[in-house]
Amino acid sequence: MMEPASSLIRGGNPQGAGPCERFLLSPSAWGQLPAALQQEPDLALLGLWADAAQVHACFLHEPSNEAVLASTPAAGWNYAALSPARPGAVRFERMILELWGHHAEGAVDLRPWLDHGRWPLRHPLAAKPIPFAGEAPQPEFLPVEGEGIHQIPVGPIHAGVIEPGHFRFSVQGEVVVRLEQRLGYKHKGTLSLMLGTSPRTAVRYAARLSGDTTVAHSWAFSAAVEAALGVTPPPRALHLRALMLELERIHNHLNDWGFVCNDAAFAFPHARCGLLREGVLRAINAAFGHRLMMDRVLPGGVAPDIAPRGAEAILAALEAVEAEIPALMQIYEAHASLQDRVVTTGFLRPDLARAFAAGGHVGRASGRGFDARRLPQHLPYSILHFEVPVLEAGDVDARVRIRVSELSQSIALVRQVLDSLPSGELMAPLPVRGGEGLAMIEGFRGECLHWIKLDDSGLIRALFPRDPSWLQWPLLEAAIEDNIVADFPLCNKSFNCSYSGVDL
Amino acid sequence: MLWPKLARALFAKPLTDQAPLVPLETIQALGERLAATSRARLGRSLAIREVDSGSCNGCELEVNALQNVVYDMERFGLRFVASPKHADVLLVTGPACLNMREAVARALASTPEPRWVVAVGDCAVDGGVFKGSYAVENGIAALLPVDLLIPGCPPSPAQLLEGLLSLLEAEAAKK
Ligand code: SF4
């Protein structure tokens, strides 16, 4: 059989999710999944999560860009781990054990991840959480053997104004032999706050999963709700969402391009990018009344409408950005001292990017071209023109170049959207009923994937928001290997993974 | 040719003027007031250590923007330092995640007195939207002696600048 895993999944019991189906597999069918996945490398694992009774996996059939969900009962017995077949499953399996208490049989790694032993309860999302009052255990790190190896612990509080997380470097001389991340410091219990509420209430948490990705996560959450309820937002709302999404991409790409240069002690591009970005943020504020566009995308549509002079302000700010990109790129390329720091640094092997199904600039700089904006029937992108740049070089430089190319594409997209902005309603009414939906929206880091299940009174019964960083963080560990410690900030910034987005 | 470039640079407006929506007078006034009060007490500058107790990263974006050339916080004598040991101010964002409790306590213990603790953003003020979760403390006051609240989700860079200034004024009045 050509596609053993796909046919195994589609042989399950369909559960009525939209727009891609979720199949419930018996524990024995699920048990065959790891072996079947080994034989079908084109079926990428995009996410793995749970609810109180079941474990759910989302796969993408890469050749056709079709997503499919698979589930299996997990309460009361151990489900078969997918990590032996898909390395990206490791951190999800650790999280599932901690949040829901479901144990993955045969897992590669089940050490604590989000739960540092400091919450008053264990398995907070299980049907019956267990009160906990014990000592917080010391974290365990993977052993590293070899002569002259020493460790450098960094964090959780870092030197710069950035999010907290712990990095454990094992170093031989100047060279990093292994980096191990320890995250979870920002765990806010977000899912527990969203469960049992209405989508209109819960969207404000989606907007705050990762503040830099507020538009993409709000849209993905809203689109999942709309898929569950069979609602289509009005055309004007979809256009405005795309406008905000591209503006979010632009301000983040500018920010990170500047920071990468700054981490190579090259302050000038950082200063210019900061200035251009501030111009964009102010235009956004003039257009939408919030510099980051939080709480603008809502289930059913958007609110409020773009301000009367908003389009003008946005176009002026983007003109300044567009005018300066060639000069900044010239400076970036012409300085050997800067190029020396970014070219060949932090190389991510294309086969690893594929194995982890890394999205966004991390994937696209290492040959994996997936972009959720290209998914079929994804309005308004299916009627807009844009290119998705892909490179193979896989180094810091390639990730920067992807972002700079995307800047130009996004600016062109903003113009197209504003040129063709339909008039009319901004919000479609949401019926009160049950349903289940999945959606993917391409944020600046990659696709934000949201799955949601509503009960008959329209309240959230189960959900999972999967930030793209889930599949990118582990690759940073691989990319830094054999680089010098001093290049870590550059590598890190070229990935710019979200801490809050994966700590939940 | 160098001359045309030099001429252009000479006649160009300063960068702080390029942003039409900046209340430049406010920022300048803030800078002057800051100079007047903080110089007396701290010799012209405040060293700030930013600590994220579990934010969504929205507050960090705006705190970082304080350093861009438009706000240029250094002209007011405000600067970020890498270690709490060098800091006069702890600028804390996030709802105080339980997983950050120990790190935040250590940051405070490492910050010499006199020092000020500023809670930045609705999360740091009272937990914000995350209030009531099993994993947070509902604001950083549970862990740190807070001197000043700068609410907002996130507060804008201009609000952050104003906030830092009002802290100085309040402290000066206490003397
Ligand atoms: S106050 Fe708002 S922007 Fe700041 S960390 Fe909290 S949710 Fe994010």
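Treat the numbers as computed from the prediction; the structure is a model and nothing was measured.

Draft legend 1. Here's a closer look at the overall build of chain B. Each helix and strand counted, chain B has seven helices and five strands in total. When the helices and strands of chain B are read in sequence order from the N terminus, they spell out α-α-α-β-α-β-β-α-β-α-β-α. Within chain B, the fraction of its 175 residues that count as buried is 54%. Sequence separation of at least 24 residues holds for 78% of the intrachain contacts in chain B that already meet a minimum separation of 6. Here chain B has roughly 7700 Å² of accessible surface; of this, 55% comes from carbon and sulfur atoms.

Draft legend 2. Region of interest: the packing of aromatic side chains. Taken as a whole and assessed by the stated rule, the structure comprises 15 aromatic pairs over all chains. Ring pairing ties together the aromatic residues Trp49, Phe92, Trp451, Phe464 and Trp470 of chain A, which thus form one cluster. The ring of Phe130 of chain B has Lys188 of chain A sitting right over it, with the charged end atom 5.4 Å from the ring centre. In this structure, Lys493 of chain A is placed above the aromatic ring of Phe259 of chain A, and the distance from its NZ or CZ to the ring centre is 4.7 Å.

Draft legend 3. A look at the interface of chain B and chain A. Every contact between the two is made by 49 residues of chain B and, on the other side, 50 residues of chain A. Approximately 3800 Å² of surface area, both sides summed, lies buried where chain B meets chain A, with 62% of it carried by carbon and sulfur atoms. The largest share of the area that chain B buries against chain A comes from Leu61, Asn99 and Tyr134 of chain B, three residues that together contribute 21% of it. There are three salt bridges connecting chain B and chain A.

Draft legend 4. The arrangement of the pairing of strand S4 (residues 116-120) of chain B in detail. All names here are of chain B. Counting buried positions over the five residues of S4 gives five, a clear majority of the element. Both S4 and strand S5 (residues 148-150) contribute to a ladder of three bridges, which runs parallel. Its bridge partner being in S5, Val118 is matched across the sheet by Leu148. Taken together, S4, helix H6 (residues 121-126) and S5 form a β-α-β motif whose crossover is right-handed.

Draft legend 5. Here's a closer look at the packing of helix H6 (residues 199-206) of chain A against helix H7 (residues 214-229) of chain A. All names here are of chain A. Contact pair H6 / H7: the axes reach a minimum separation of 8 Å and the direction vectors enclose 150 degrees. Here H7 runs roughly antiparallel to H6, going by the angle between their axes. For the element pair H6 and H7, the recorded crossing hand is right-handed. Contact with H6, carried on its side by Pro199, Ala202, Val203 and Ala206, involves His217, Ser218, Phe221, Ser222 and Val225 of H7 and no other residues of that element. A per-class count over the contact of H6 with H7 returns six nonpolar, three polar and no charged.

Draft legend 6. Broad picture of the site of the ligand. Taken together, Arg208 and Met294 of chain A together with Ser55, Cys56, Gly58, Cys59, Gly121, Asp122, Cys123, Gly152, Cys153 and Pro154 of chain B make up all the residues around the ligand. At the site occupied by the ligand, the surrounding residues belong to chains A and B. Among the secondary structure elements, those contributing two or more residues to the shell around the ligand are helix H4 (58-65) and H6 of chain B. Looking at the shell around the ligand element by element, the count peaks at three residues for H6 of chain B.

Draft legend 7. Molecular detail of the confidence of the model for chain B. In this model, chain B carries an average pLDDT of 81, and 76% of its residues clear a pLDDT of 70 or more. Note that residues 17-31 of chain B has pLDDT below 50 and, in this model, 21 contacts with residues that lie over four places away or in other chains.

Draft legend 8. Region of the structure containing the pairing of strand S11 (residues 166-172) of chain A. Residue and element names in this part refer to chain A. When you tally the buried positions in S11, you get six out of seven residues, the bulk of the element. Direction of pairing for strand S10 (residues 149-154) relative to S11: antiparallel, over a ladder of six bridges. Among the inter-strand pairings, Ile149 is bridged to a residue of S11, identified as Gln172. Counted along the chain from S11 to the antiparallel partner strand S12 (residues 175-182), the turn is two residues long, and its residue Gly173 has a positive phi close to 65 degrees.

Draft legend 9. Just the sheet that holds S5 of chain B, in detail. Residue and element names in this part refer to chain B. If you trace the five strands from one edge of the open sheet to the other, you get S2-S1-S3-S4-S5, paired in parallel fashion. The sheet is open, and its two edges are formed by strand S2 (78-80) and S5, each paired on a single side. Within this sheet the neighbouring strands show an average axis-to-axis angle of 30 degrees, counted without direction. One ladder, built from five bridges, connects strand S1 (residues 46-52) with strand S3 (residues 89-93); its direction is parallel. When the bridges of S3 are listed, Glu50 appears paired with Leu91.

Draft legend 10. Summary view of the pattern of salt bridges. Residue and element names in this part refer to chain A. Taken as a whole and judged by the stated rule, the model has 36 salt bridges over all chains. Glu333 is paired through a salt bridge with Arg401; the nearest N and O atoms lie 2.8 Å apart. Linking Glu333 in helix H10 (residues 310-334) with Arg401 in helix H14 (residues 396-419), this pair joins segments that are 68 residues apart in sequence. Assessed through its relative accessible area of 39%, Glu333 is described here as partly exposed. Salt-bridge contacts for Arg364 lead to Asp371; the nearest nitrogen and oxygen are separated by 3.7 Å. If you follow the salt bridges from partner to partner, you end up with Glu246, Arg249, Arg364, Asp371, Arg373, Glu406 and Glu442 in one network.

Draft legend 11. Representation of the domain arrangement of chain A. Residue and element names in this part refer to chain A. Entries for chain A in the domain assignment read domain 1 (4-131) and domain 2 (190-503). Taken over C-alpha atoms, the centre of domain 1 sits 26 Å from the centre of domain 2. In this complex, domain 1 contributes 29 residues to the contact, which on the side of domain 2 involves 29 residues. Of all residues in domain 1, the largest losses of buried area upon contact with domain 2 belong to Leu46, Trp49 and Arg91, amounting jointly to 25% of the total for that side. Joining domain 1 to domain 2, the criterion identifies three salt bridges. Note that Glu436 and Arg22 form a salt bridge whose closest N and O atoms lie 2.5 Å from each other. The interface formed by domain 1 and domain 2 contains six residue pairs in polar contact (both at pLDDT 80 or more).

Quick notes on the rules
Residues numbered from 1 in each chain as written. Chains lettered and ligands numbered in written order. Predicted model: local features only at pLDDT ≥ 70, side-chain atom pairs only at ≥ 80, totals over all residues. Heavy atoms only, no water. Helix = DSSP H or I, 4+ residues; strand = E, 2+ residues; numbered from the N terminus. Buried < 20%, exposed > 50% of the residue type's maximum accessible area, 1.4 Å probe, protein only. Contact = heavy atoms within 4.5 Å. Areas by Shrake-Rupley, 256 points an atom, 1.4 Å probe, with all protein chains shown as cover. Phe/Tyr/Trp six-rings, centres within 6.5 Å; stacked < 30°, edge-to-face > 60°. Lys NZ or Arg CZ within 6 Å of the ring centre and 35° of its normal. Buried area = accessible area lost by both parts, 1.4 Å probe. Salt bridge = Lys/Arg side-chain N within 4 Å of Asp/Glu carboxyl O. Pairing = 2+ DSSP bridges. Right-handed = clockwise from strand over helix to strand, strands pointing away. Axes fitted to C-alpha atoms, helices over the stretch in contact; angles between N-to-C directions. Parallel < 35°, antiparallel > 145°, perpendicular 65-115°, else oblique. Left-handed = near helix turned anticlockwise from the far one by under 90°. Nonpolar A, V, L, I, M, F, W, Y, C, P; charged D, E, K, R; others polar. Near = heavy atom within 4 Å. pLDDT = per-residue confidence, 0-100. Domains from an automatic or database assignment. Polar contact = N/O pair within 3.5 Å; in protein donor to acceptor, adjacent residues only side chain to side chain.

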